[in-house]
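As a plain string of letters, each chain reads:
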Amino acid sequence: MKVRTVPARLGALTAAAMIVFGACSSAASPAPAASAAAGGAGGALPSAATSGKLEIFSYWTAGGEAQALAAVEKVFNAQYPNIAITNAVVAGGAGSNANAVLAQRMQANNPPDTFQIHGGAELLDNWVKTNYMQPLTQLYQQQGWMDKFPKQLIDLVSYNGAPYAVPLDVHRNGVLWYNKSIFTQNNLQPPTTWDQFFQVADQLKAKGITPLALGDKDQWESLQLFEDILLSTLGPADYRSIWTGGFSWSDPKVTQALQTMAKVIGYVNNDHATLTWDQADGLVMQGKAAMNIMGDWAKGYFEANGWKPGQDFGWAPAPGTTGDFIVVTDTFGMPKNIKDPGQTIAWLETLGSVKAQEAFNPIKGSVCARLDCSPSVFDAYSQSSMQDFAKDQLVPSEANGPASIPAFLTPITTAIAQFVNDGNVQNAQSTIAAACKSSGACTQ
Ligand code: GAL
């Protein structure tokens, strides 16, 4: 079985991620002291329960997401038929709604038994450093996981040397998806640069076809588009460092990225503010738009709705980002003070297994977090994603990470949403630069 190797470059991502990943909400008060039931402060964990109830909290409701979660639950139910799963879901891509509900529950000492959270500071800043989570060192040791995941991915879920969550997937943000029949009928090639994008977009617009589908009802989607343009303009090194102020938000290259974004917005559907990310992908499926730039959870959506990769839809890195991979990883951990930690241990043991990861990721559009999944269970897109993950420059996502600290994510999301409406480059740039300093994200 071919084992996927991971590049040293992930180390750079990790270093950046350990500084810059954040989240939509931030935990305010420190957690209550760990109870004995959860293995106490020392990290001694109970063994997996064989019966009882388990509440899973996530935001996976869209096409591809729900099916992938169902697939991993099926693996779990086969192994633990007497543990009943309650699926607590809060719809809204990227946790745009779920993270606030999670914060309320955690701060009210009413945590779910386990919850979906991005690896990086969304987990670490919000929930680990504030003492809400149980260390999982014993679980990793018992399962022999320390060399089954890329060390750098384990680092994304670790604090002071202890892991606090299990990575389930690796998604790629910033992929250009296109309707193959529209491109074939109009003799078009997927654009690899923004100049090519605008040439293709002008040809489509002349035919009365909306060039780019956007659904930014939850706002993170336009931030996600901006980060792709920012990466293509800055390159990976300056992109990584802008989130901590190492590269200045006031730089002329940021002006250029915002100007490119303003031009791109001229080619999207007028009703973008009423649509979610998956509804925008629906426009591409219906032939009402030709392209969409989104993470590869969009692949899961397309396939859940009957589209075949390479036949109905094609893909390419977002213009100007070939060789760069925006990493998004979904993880699950164990809050402290849950009533029955044994059920959560059973879930985490399952989640970290090859069997569960090979069941989940092909449906989700992501690739395994584990190094030893079989590439044979993945199709051409996902195998290319595994290869790119192994060789590309890896960078964090702001919209799905985020690449900053929790306090900066809301103001930059709001500033970009405002910018999509008014196209005011100077206002957006100065607002973001000020927020990076006032939020504490820009420390350099
Ligand atoms: C991302 C998440 C993905 C997918 C996407 C759309 O933040 O990591 O798993 O859910 O949002 O909701």
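Let us look at the structure shown here. Counting of residues starts from 1 at the beginning of each chain's written sequence and follows it residue by residue. The predicted nature of this model means local features are confined to residues of pLDDT at least 70 and side-chain atom pairs, given and counted, to a pLDDT of 80 or more, with totals for whole chains, interfaces and linings taken over all residues. Hydrogens are left out, water is left out, and the side-chain values use all remaining heavy atoms of the structure.

## Some details on the site of the ligand
The condition that has to hold: The near set for a molecule or strand comprises every residue that places at least one heavy atom within 4 Å of it. Pairs of N or O atoms within 3.5 Å make up the polar contacts considered here, provided that, within protein, one atom can donate a hydrogen while the other can accept it, and that residues adjacent in sequence are counted only when both atoms are side-chain atoms. Note on areas: these come from Shrake-Rupley sampling with a 1.4 Å probe, and a residue is covered only by the protein chains present in the view.
In the vicinity of the ligand, 13 residues are found, and the nearest of them are Glu65, His118, Asp330, Lys364 and Asn400. Within the backbone of alanine 94, a nitrogen or oxygen atom sits 3.1 Å from an oxygen atom of the ligand. In this structure, an oxygen atom belonging to the ligand sits 2.8 Å away from a side-chain N or O atom of asparagine 400. Within the complex, the protein chains bury 100% of what would otherwise be the 310 Å² of accessible surface of the ligand.

## Focus: the sheet that holds strand 9 (residues 210-213)
One key point about sheets: their strands pair by backbone hydrogen bonds, in either a parallel or an antiparallel sense. For clarity, the threshold we go by: Pairing between two strands requires that DSSP report at least two bridges joining them. Think of it this way: any DSSP run of H or I at least four residues long counts as a helix, any run of E at least two long counts as a strand, and we number them from the N terminus. Whenever a helix is involved, its axis is fitted only over the stretch in contact; in every case the axis is a line through C-alpha atoms, and angles between N-to-C directions fall within 0 to 180 degrees. By definition in these notes, contact holds between two residues if any of their heavy atoms fall within 4.5 Å.
The four strands lie next to each other as 9-10-8-11, forming an open sheet whose pairing is mixed. Taken across any chain shown, the strands that pair with only one partner, and hence form the sheet edges, are strand 9 and strand 11 (313-317). Here the strands of the sheet are splayed against their neighbours by 25° on average, with no regard to which way each runs. Of the strand pairs in this sheet, strand 8 (residues 175-179) and strand 11 are connected by five bridges, and their pairing is antiparallel. Residue leucine 176 lies in a different strand from strand 11, and its bridge partner there is alanine 316. Against the sheet, helix 12 (residues 277-285) touches strand 8, strand 9 and strand 10 (289-294), its axis set at about 150° to strand 10.

## What about the state of the cysteines?
As a reminder, the rule being used: Cysteine sulfur atoms are paired as a disulfide whenever they fall within 2.5 Å. We call a residue buried when its accessible area falls under 20% of the maximum for its residue type, exposed when it is over 50%, and partly exposed in between, using a 1.4 Å probe and counting protein chains only.
What the rule picks out here adds up to two disulfides. Between the sulfur atoms of cysteine 368 and its disulfide mate cysteine 373 the distance is 2.1 Å. The sign of the S-S torsion, about -90°, decides the handedness of the disulfide formed by cysteine 368 and cysteine 373: left-handed. When its relative accessible area of 2% is taken as the criterion, cysteine 373 is described as buried. The disulfide partner of cysteine 436 is cysteine 442, and the gap between their sulfur atoms is 1.9 Å. Around the S-S axis, the bridge from cysteine 436 to cysteine 442 shows a dihedral of about 85° and counts as right-handed.

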